[in-house]
Amino acid sequence: MLLSGEDPGRIADARGRLVSLWAGPSAEAEMRIERLSGADLRRDGRGLGDALKAQGFFPGPRVVILEDATDGLAPVAEAALEDWREGDARLVVTAGSLPARGALRRLFEGRRGLVAITFYDDPPDAAELDALLAEAGVGSLEPEARALIETAAQSLPLFELCGLLERLALYGFGDTGPVAAEAVEALLPDGAEADLDALLAAVAAGEEARIPSILQRLSAQGVNGVAIATGLGRHLRAAMGVAAAKGGRDSALASLRPVPFGARRTALLRLASWAPERLENAAGLILELDRNLRGGSPAPQGALVERALLRLVRLGR
């Protein structure tokens, strides 16, 4: 299945549900999931076919996840799928926005046994929001609380919104009355922190077009370049730890404090799937940026940060 579109949160949620459906909830712990990145296949096109054919140590269905795919990988995916046989691993491919007539979408839309689903970055409508509230276990809402959530749903990524609703359900656990607006206000994510998460997600997904506007929002909130470099460096170190963890990525994420959720969790998982040398180069870039910012470089801070982040995005290309 190909999952693509403008909303990485919806794609990550669909991928998680699909993998659980295909391989069961214990697949990660039993090492029946293999993750590859588009950069991996650009170095070794045979890696996808080998991963689909590989036999796991534990019995049970296997799933191969190919992340950050582009149309240039369509021939590699087509060759691997041509050789697919019953008993091989299932394949989930995730990608950003793809052209309707692009090679990957045509491959998955035009063949039996393959499915393509495209997600759009549209905020949930009233019915979808009701479903999200019910799924999170949020009870009745005061009108003002409902209005606040509807406003937040227009700007928050889906994972951020789901995280807010989950926290709201925990906050009101055991209460029989409607949720008050004060509870929603107390749990809304901080604007600067949410934008830092959005910046991390854009870097991890290679969405360089989003970076300038996010940096503008952070600058308007008084967040300077050193704070941005420090935050991204912290997240890169966390991703390197997740990538190197022997007990599985879920347990590594659960050991972080605070435990990441939503867009930050998705971005950390995506960063952890980068090749080790790419992660090391990325950490070096951020360290160089931090030194330049603290060393009194004559260049404007905003230009230094934006140039470093664009270099970071392009490392794997």
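Here, the structure is the one placed above.
The present account deals with the structure reproduced in this document. (Residues numbered from 1 in each chain as written. Predicted model: local features only at pLDDT ≥ 70, side-chain atom pairs only at ≥ 80, totals over all residues. Heavy atoms only, no water.)

### A closer look at the sheet that holds strand β4 (residues 90-95)
Piece 1. One open sheet accounts for 5 strands, arranged β2-β3-β4-β1-β5; its pairing is parallel. The sheet terminates laterally at β2 (33-37) and β5 (116-119), the two strands that pair on one side only. On average, each strand axis in the sheet is tilted by 15 degrees relative to the strand beside it, whichever way the strands run.
Piece 2. With 3 bridges joining them, strand β1 (residues 2-5) and β4 adopt parallel strand pairing. (Pairing = 2+ DSSP bridges. Helix = DSSP H or I, 4+ residues; strand = E, 2+ residues; numbered from the N terminus. Axes fitted to C-alpha atoms, helices over the stretch in contact; angles between N-to-C directions.)

### A few points about the packing of helix α15 (residues 276-294) against helix α16 (residues 301-314)
Piece 1. Remark: α15 packs on α16, axes separated minimally by 10 Å, with the N-to-C direction vectors making an angle of 175 degrees. When the axis of α15 is compared with that of α16, the two are roughly antiparallel. Contact with α15, carried on its side by R278, A282, L285, I286, E288, L289, N292 and L293, involves Q301, L304, V305, A308, L309, R311, L312 and V313 of α16 and no other residues of that element. (Parallel < 35°, antiparallel > 145°, perpendicular 65-115°, else oblique. Contact = heavy atoms within 4.5 Å.)

### Quick word on the side chain of R105
Piece 1. Along the chain, R105 turns up in helix α5 (residues 103-109).
Piece 2. Its relative accessible area of 13% is what places R105 among the buried residues.
Piece 3. Contacts of R105, omitting those with residues within four sequence positions, involve L2, L98, P99, A100 and T118. (Buried < 20%, exposed > 50% of the residue type's maximum accessible area, 1.4 Å probe, protein only.)

### Quick word on a negative patch on the surface
Piece 1. Where like charges cluster on the molecular surface, the negative patch consists of E6, D122, D125 and E128.
Piece 2. On the basis of relative accessibility, which here comes to 43%, the residue D125 falls in the partly exposed class. (Patch = residues over 30% accessible without salt bridge, like charges linked within 9 Å, V, L, I, M, F, W, Y side chains within 5 Å. Areas by Shrake-Rupley, 256 points an atom, 1.4 Å probe, with all protein chains shown as cover. Salt bridge = Lys/Arg side-chain N within 4 Å of Asp/Glu carboxyl O. Lys, Arg positive; Asp, Glu negative; His and termini not counted. Charge placed at Lys NZ, Arg CZ, Asp CG, Glu CD.)

### As for α16
Piece 1. Taking 1.5 Å per residue as the helical rise, α16 with its 14 residues ought to reach 20 Å, and the 20 Å between its terminal C-alpha atoms agrees with that figure.
Piece 2. Listed in full, the buried residues belonging to α16 are L304, V305, A308, L309, L310, L312 and V313. (Expected span 1.5 Å × (residues − 1).)

### What about the environment of L289?
Piece 1. On the secondary structure map, L289 appears in helix α15.
Piece 2. Assessed through its relative accessible area of 4%, L289 is described here as buried.
Piece 3. Sequence-wise, L289 and T230 are 59 residues apart; in three dimensions their C-alpha atoms are separated by 9.7 Å.
Piece 4. Not counting chain neighbours up to four residues away, the residues in contact with L289 comprise A229, L304, V305 and A308.

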